[in-house]
Amino acid sequence: MSTPPRAAAPALLLHRVPFASGLARFGDRPALLTPDRAVGYAELADLVGTTLAALGTTRRLVLVPARNDVPTVVAYLAALTGGHPVVLVPHDKPDAVTSLAAAYDPDVVVVPGEDDLPRLDVRREGTAHRLHPDLALLLSTSGTTGSPKLVRLSATNLQANAESIVEALGIRSTDVAVTTLPLSYSYGLSVLNSHLAVGASLLLTDLSVVDPCFWQAFTARRVTTLPGVPHTFELLDRAGFADRDLPSLRLVTQAGGRLAPERVRQFAELGRRRGWDLVVMYGQTEATARMACLPADLAAQRPQTIGVPIPGGTFHLRPLAPDAGSGAEPGPRDQQDPAVGELVYTGPNVMLGYAHGPHDLALGATVTELRTGDVARRHPDGLYEIVGRLSRFAKLFGLRIDLDRVEDLFAGLGVRAACASTDERIVAAVEGDHPDVDLLARTVAAELGLPARSVVARAVRDLPRLGNGKTDYRAVAALAEACEAPATDATSALTDAPETVRSTEDLRRLFGVLLDREDVGDDDTFVGLGGDSLSYVETSIRLEQVLGHLPEGWHVTPVRDLVPRSARTTAARRRRRIATVETSVVLRAVAIVLIVATHAKLLALPGGAHVLMAVAGFNFARFQLGGGDVLARLRRHLGSIARVVVPSVAFIAVAALVTDRYTLANVLLLNAIVGPPTWTEQWHFWFIEVLVYVLVAVAALLALPPVARLERRHPLVVPALLFGVGLLVRYDVVDPGVPHTMPVLWLFALGWFVARSRTTWHRLASSAAAVVTVPGFFGDPQRELLVLGGVLLLAWVPALPVLPGLNRVAGLLAAASLYIYLTHWLVYPALDHLHPAVGVVASLLAGIAYWAVADRPVHRWRAIRARLRLRRGGAGPTSSPHDVG
C-alpha cells in the first residue's frame, strides 16, 4: 500500500533534461511531423508548457500509455521538464497498463485526448510516493511490461545517451527520422530523444513498413533516418525496400537484437549502391538505450561485430565462471581466453538501478556499471563481438524476455519447465506427459506478447540435468532442432494434400480458395480480407488441419506469421489423438443441433437460440470491429448483414410460396414488429429477425464518429452500455411492445463484452454479469443453465478438445448453422411419421446442402471484386501497426 501523500521538493529545483526543456531555442523548425501536419519546436514548447502547468510544481509519478502521436510526446516532455518521473508503457497492452498502474499507484495517468494536448487523469493532489531527485523515467526491463520490474533512469542518463547517439550517428538538424518502433521501447524512445537534442524532426506514425501509406508519408516528409530491429528488416524485404526510390534516405540503423552477419552485409551493400549507410548498434534498456556502434564503413567487412562503445562509454570483459552460460553459452576454450568474457559497460547512461515496486522510487544509484549478461570477444582492432549469452534473458523481436519469468508462466499453468533460447525463439522442455504442449506454448507466447511461433515446447520425462545437478540449458536449447521436423515435398500442392504448409504462398493460396480472393498478400489477415463469422468456421477448421494447431488470434494475424518455421511431419500429426476447435465454433454446432433436436422432439433442451445470440455478439466483436475508418467499418457491417438477410429472405419467400404458413411480413423479416402477438408458425424465424435488427442498430450506432472513437479507445464501454440498455427490457423496466423473444440485446452485448475482455478481471466481470442476469429470464432452470454455460465457456475456454474426426463435423455444422435454422422448419415436420432422429439428421443435411449452394454466389462476388481491385492496381489490406511487437 502506498504511503499517504507528502510534500515534495518543487520540480523547478531539480535537474532538467535539456533536450526536453530547451525546445524553444529551435524556433519554428519542424519538430514533430504527421502525414498531414507539422508541429514546430516553438509550438511544441508551448504545448509542453501548458501540460507542465497542469502537472503542477509538486513532483508526481506520471503513467503514460505511449502511442506514436503528439499528445504522448507532449506528456513525456512535460513530465521530464517538470521533474515528474514517467512510467512509459505501450498503450496497446492493456494488461500491462493495468498491472503497472496497480503496482505503482501513479499520481497522474495520461489518457487519450481529442487534440495535441494530452488529457490528465489526476488521481490525487500531491504524491503518494517518495521520489528520488534524480529519477526521471521508468521503462520495462523486458518485452512483456506486465512485470513490476522496471529500469530506473535519471535525467543525466537520458541526456548523456541522446548526446552520445547524436555524436555516434552524426545526426543533423536537417534530419528526419520515422517511428518504426514504439516510443515505449527504449530504442524507439532514444530516436526521439537524440533528434530533439539537435533540433531535428520526427515523423510520427503507427503504420507498418509493409503498408504503402507508410512509404507515401516517408517520401512526402523526406525521411532521412530509418531505425529498425531484426524483424523490421524481414518486413522491409516483404515491402520491396530494395527496389524503392528513396532519395532522401541517408541512414538506416539496426539494434534490438542480433541481425545475422549475412543480412548485415546484404543491407550494407544495398546501402552502398543506393547511397545510404547502415549502422549496426548494440544496447539495453539498462543503458538507457545504446552502448555500441559499428561504423558504417565496417558493416560489410565486419558484420559479425557490434563495433566499439559509443562516445562517453567504455567496455571491459569480466572473466567467465567455469559453469557460466545458458542455452547459448560459449565453449570451454572461450572460458580460458582472456579476450572473451562477460561484457560490462560503464558510462553516464548506465541506469540508477531496478525498481520492483513503489518503495524503490526513493532509491538513488545502486549500480555503477552494467553487466550485460552477454559473452563477448574483443578483437585486436578493438571491435567487440557477442559470442554467447550468460544471463537468463532472450532477445526476440527487439524485446528482452526474462527466461526465469517464462518458466514461472509455465508453472502458473501447472507444469514444470526449463527454458532456453535461440536467436529465433524460446524453447521449453516441459516435464511429464502432457497431451498438448503446443497449447501451453501458445498460451505462454500470448502472455509474453510474442507471436505464437516464438515459443515452442517439447514434453520430456525428466528435465535435462548437468553432472552437478543444475539444469542443462544447452540440452534444452538443442530441443529447438526437434521442434523443426523435416518438411514435406515442396512439389505437393496444398489443395491436393493439405497436410502441412511450408511457405506463405501455401497459406495465401488456402485463404484465396476459402475466401475467393486473388489478392491475398503476406501481410493480409483473415479479417482484413473480409472474412466474417460465416467464413471463419470453414477457414479455422482447414487451418487447424494444415498447421496441426490453431494459433491464438489467427484471424487477425498476418499470413506471414501463421507459417511455421518448418512443417510438422505427417506422422507427428497422426500421433495427435485430440484436436482442438475454438469454443465459439463448438457452441454454434452444438446449439444448432439442440435447436433442431428440441423442435423435432428428439430432446427437450431449449436455449440453443439464446446461446447463438451470445455467440453472435462475440463474433461481431471479433470480425466486425477491425481497422479502417467509419465508412470502411460500415461497409463491412452491411456486408455481414447481407450475408444473413439474402439467404434468409430467399428461403422464406420460397417457403411462403409452397406453404401457407408464412406471410409477406416473414419474407421481409418484419414479423417481430408487425406479426401476431401470440406464438404461431409465423414466429419460426424470430431469431433471424431479431439478430438482423440488432446488427442494423449496432451498425448505425457505430457509424456515428463519436461512438466509433469511444469504441476504439475504450473497447469495453460500448458493449457495457448496450448491456445496460438491454437489461431495461430484460427486467421489464421498458416494454418494447413485442413478444418475449425480443429482449435479447443484453445477450448480444454480453457476448461482445466477452470478446473484448483482455484481462482476468474483465472475464470475471462478464461472468458475474451472466451469473446475475441469466437466471430467472426463462423461468426454466435447465434452459438458463444451458445459456449460462455457453457464456462462461466463451469467457474462459478459448478452445475445446474433440476427437479428430469430430472437429470437421463441428466446423461443418457451425458454418451451416444459419441455413440449418432456416430449412429445418420445413424438413422435420415432413418426416414426423418417422423416428424424430430421422427428421433431425435430414434437417441438418438439408441445411448443409443449402449452405453449400447459397454460399457460392458470395464467394464469386468476392472474387469479382478482388479482380477489379487488381485491375485498378489496388492493394489488399495490410496488417496492424508495429509488427516489431
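Asker: Explain the overall build of the chain to me, please; I cannot follow it from the model alone.
Answerer: Tallying secondary structure elements over the chain gives 31 helices and 27 strands in all. The 885 residues of the chain split such that 56% are buried. Considering only residue pairs separated by 6 or more positions, the chain has 72% of its internal contacts joining residues 24 or more positions apart. Only carbon and sulfur atoms are counted for the fraction: they give 58% of the accessible area of the chain, which is about 35,800 Å².

Asker: Help me out: how do you make sense of the side chain of Ser194 in this one?
Answerer: Along the chain, the position of Ser194 falls in helix α6 (residues 186-196). Among the polar contacts made by the side chain of Ser194, one reaches the main-chain carbonyl oxygen of Val191 at a distance of 3.2 Å. Among the polar contacts made by the side chain of Ser194, one reaches the side chain of His195 at a distance of 3.5 Å. Apart from residues no more than four positions distant in its own chain, Ser194 is found in contact with Ala162, Ile165, Val166 and Ile171.

Asker: What is the right way to look at the packing of helix α18 (residues 583-599) against helix α19 (residues 608-623) in this model?
Answerer: Helix-helix packing: each pair is described by the crossing angle between the helix axes and the interaxial distance. Running from N to C, α18 and α19 cross one another at 155°; their axes reach a closest spacing of 9 Å. Taken together, the axes of α18 and α19 are roughly antiparallel relative to one another. Here the hand of the crossing between α18 and α19 comes out left-handed. Each of Ser584, Leu587, Arg588, Ala591 and Ile595 in α18 lies in contact with α19, whose residues at this interface are Gly608, Ala609, Val611, Leu612, Val615, Phe618, Asn619 and Arg622.

Asker: Please clarify how the packing of helix α29 (residues 804-815) against helix α30 (residues 817-830) should be interpreted in this entry.
Answerer: In contact at an axis separation of 4 Å, α29 and α30 are set at 65° when each is read in the N-to-C sense. Mapping the contact onto sequence places Leu813, Ala814 and Ala815 in α29 and Ser817, Tyr819 and Ile820 in α30. Taken together, the residues of the contact of α29 with α30 sort by class into five nonpolar, one polar and no charged.

Asker: I'm lost on a nonpolar patch on the surface in this one. Help?
Answerer: Residues Val725, Leu728, Tyr731, Val733, Val734 and Val772 make up a contiguous nonpolar surface patch of about 530 Å² in total accessible area. Structurally, Val733 is set in the loop between α25 (717-730) and α26 (745-756). Among the residues examined, Val733 registers a relative accessible area of 58% and is labelled exposed.

Asker: Looking at this structure, how should I read the pairing of strand β3 (residues 62-66)?
Answerer: Each regular strand shows side chains that alternate between the opposite faces of the sheet. Within β3, five of the five residues are buried, which leaves it mostly tucked inside the rest of the structure. The two faces of β3 match: Val62, Val64 and Ala66 on one face and Leu63 and Pro65 on the other face are all buried. With five bridges connecting them, β3 and strand β4 (residues 86-90) associate as parallel partners. Paired with Val64 across the bridge in β4 is Leu88. Taking the sense of rotation as the criterion, the β-α-β connection linking β3, helix α3 (residues 70-82) and β4 turns out right-handed. With two bridges connecting them, β3 and strand β5 (residues 108-111) associate as parallel partners.

Asker: How should I be thinking about the confidence of the model for the chain in this particular structure?
Answerer: Where the model shows low pLDDT, its predicted coordinates should not be examined in detail. Taken residue by residue, the chain gives an average pLDDT of 83. The fraction at 70 or more is 83%. In the model, residues 323-335 has pLDDT below 50 throughout and makes 32 contacts with residues more than four positions away in sequence or in other chains.

Asker: Help me out: how do you make sense of the pattern of salt bridges in this one?
Answerer: One side chain can pair with another of opposite charge once the charged atoms of both are near each other. For the coordinates displayed, the defined rule picks out 13 salt bridges. In this structure, Asp107 and Arg124 form a salt bridge, with 2.6 Å as the shortest nitrogen-oxygen distance. Highlighted residues: Asp107 in the loop between α4 (94-104) and β5 and Arg124 in the loop between β6 (119-122) and β7 (135-140), separated in sequence by 17 residues. Arg461 is the partner of Asp462 in a salt bridge, and the nearest nitrogen-oxygen pair spans 3.5 Å. Salt bridges linked by common partners bring Arg37, Glu43 and Asp116 together as one network.

Asker: When you look at the sheet that holds strand β19 (residues 370-378) in this model, what are you seeing that I'm missing?
Answerer: Whenever strands of a sheet pair, they do so through backbone hydrogen bonds, lying parallel or antiparallel. Taking strand neighbours across the sheet as the criterion, the four strands line up as β16-β17-β19-β20 in an open arrangement whose pairing is antiparallel. Looking at strand neighbours, the two that pair on one side only are β16 (314-318) and β20 (384-389), the edges of this open sheet. The mean inter-strand angle of the sheet, taken between neighbouring strand axes irrespective of direction, is 50°. Judged from the five bridges that link them, β16 and strand β17 (residues 340-346) form a sheet pairing that is antiparallel. Bridge assignment links Phe315 to a residue of β17, and that residue is Tyr345.

Asker: Explain the packing of aromatic side chains here, please?
Answerer: Each aromatic ring pair is characterised by the separation of its centres together with the angle its planes make. For the structure on display, the rule yields 22 aromatic pairs. Centroid distance Phe315 to Tyr345: 5.6 Å. Interplanar angle 65°. Geometry classified as edge-to-face. Of this pair, Phe315 sits in strand β16 while Tyr345 sits in strand β17, placing them 30 residues apart in sequence. For Phe315, a relative accessible area of 10% translates into the label buried. Tyr345 gets classed as buried once you look at its relative accessible area, which sits at 0%. When the centroid spacing of 5.2 Å and the interplanar angle of 80° are considered together, the rings of Tyr819 and Tyr850 count as edge-to-face.

Asker: Where do I start with the environment of Ala66 in this structure?
Answerer: Residue position: Ala66 is located in strand β3. Among the residues examined, Ala66 registers a relative accessible area of 6% and is labelled buried. With 116 residues separating them in the primary sequence, Ala66 and Pro182 have C-alpha atoms 7.7 Å apart. Not counting residues within four places of it along the chain, the set of residues in contact with Ala66 comprises Thr72, Leu88, Val89, Pro90, His91 and Ser184.

Asker: Would you explain the nonpolar core in this entry?
Answerer: Most often, soluble globular proteins have nonpolar side chains that are buried together. Within the largest apolar cluster, 88 residues are counted, with the highest numbers of intra-cluster contacts made by Phe687, Ile688, Phe748 and Trp752. Sorting elements by how many residues they give to this core places helix α23 (residues 686-702) first, with twelve residues. Judged by nonpolar contacts, the second largest core, of 74 residues, contains Leu32, Leu55, Leu153 and Ala200.

Asker: Hey, could you run me through helix α8 (residues 230-238) in this one?
Answerer: One turn of an α-helix holds 3.6 residues; hence residues three or four places apart share an orientation. Taken together, the buried positions of α8 are occupied by Pro230, His231, Thr232, Phe233, Leu235 and Leu236. Those residues of α8 that are buried lie in contact with α7 (212-220), β11 (225-228), β12 (251-254), α9 (261-274), β13 (277-282) and α16 (559-562). Gly240 sits one or two positions beyond α8 and adopts a positive phi of about 70°.

Asker: How do you make sense of the side chain of His610 when you look at a structure like this?
Answerer: By the secondary structure assignment, His610 is in helix α19. Apart from the residues within four sequence positions on either side, His610 is in contact with Trp686, Val744, Leu747, Phe777, Phe778, Arg783 and Val787.

Asker: It is not clear to me how the sheet that holds β4 should be interpreted in this structure. Could you clarify?
Answerer: Taken in spatial order, the seven strands make up an open sheet running β6-β5-β3-β4-β7-β8-β18, and their pairing is mixed. Because the sheet does not close on itself, it has two edges, and the strands there are β6 and β18 (353-355). Here the strands of the sheet are splayed against their neighbours by 30° on average, with no regard to which way each runs. Taken together, the four bridges between β5 and β6 define a ladder with antiparallel strand orientation. Paired with Val110 across the two strands is Leu120, which belongs to β6. The strands touched by α3 are β3, β4, β5 and β7; relative to β3, the strand with the most contacts, the crossing angle is about 155°. The sheet contacts of α4 involve β3, β4, β8 (150-154) and β18, and relative to β4 the element is tilted by about 155°.

Asker: Explain the environment of Pro719 here, please?
Answerer: Mapping Pro719 onto the fold places it in helix α25. Look at Pro719 and you get buried, because its relative accessible area is 0%. For the pair Pro719 and Gly617, spaced 102 residues apart in sequence, the C-alpha to C-alpha distance is 9.2 Å. Sequence-distant contacts of Pro719, defined by excluding residues within four places in its chain, comprise Ala749, Trp752 and Phe753.

Rules used throughout
- Residues numbered from 1 in each chain as written.
- Predicted model: local features only at pLDDT ≥ 70, side-chain atom pairs only at ≥ 80, totals over all residues.
- Heavy atoms only, no water.
- Helix = DSSP H or I, 4+ residues; strand = E, 2+ residues; numbered from the N terminus.
- Buried < 20%, exposed > 50% of the residue type's maximum accessible area, 1.4 Å probe, protein only.
- Contact = heavy atoms within 4.5 Å.
- Areas by Shrake-Rupley, 256 points an atom, 1.4 Å probe, with all protein chains shown as cover.
- Polar contact = N/O pair within 3.5 Å; in protein donor to acceptor, adjacent residues only side chain to side chain.
- Axes fitted to C-alpha atoms, helices over the stretch in contact; angles between N-to-C directions.
- Parallel < 35°, antiparallel > 145°, perpendicular 65-115°, else oblique.
- Left-handed = near helix turned anticlockwise from the far one by under 90°.
- Nonpolar A, V, L, I, M, F, W, Y, C, P; charged D, E, K, R; others polar.
- Patch = residues over 30% accessible without salt bridge, like charges linked within 9 Å, V, L, I, M, F, W, Y side chains within 5 Å.
- Salt bridge = Lys/Arg side-chain N within 4 Å of Asp/Glu carboxyl O.
- Pairing = 2+ DSSP bridges.
- Right-handed = clockwise from strand over helix to strand, strands pointing away.
- pLDDT = per-residue confidence, 0-100.
- Phe/Tyr/Trp six-rings, centres within 6.5 Å; stacked < 30°, edge-to-face > 60°.
- Core = buried A, V, L, I, M, F, W, Y, C linked by side-chain atoms within 4.5 Å.

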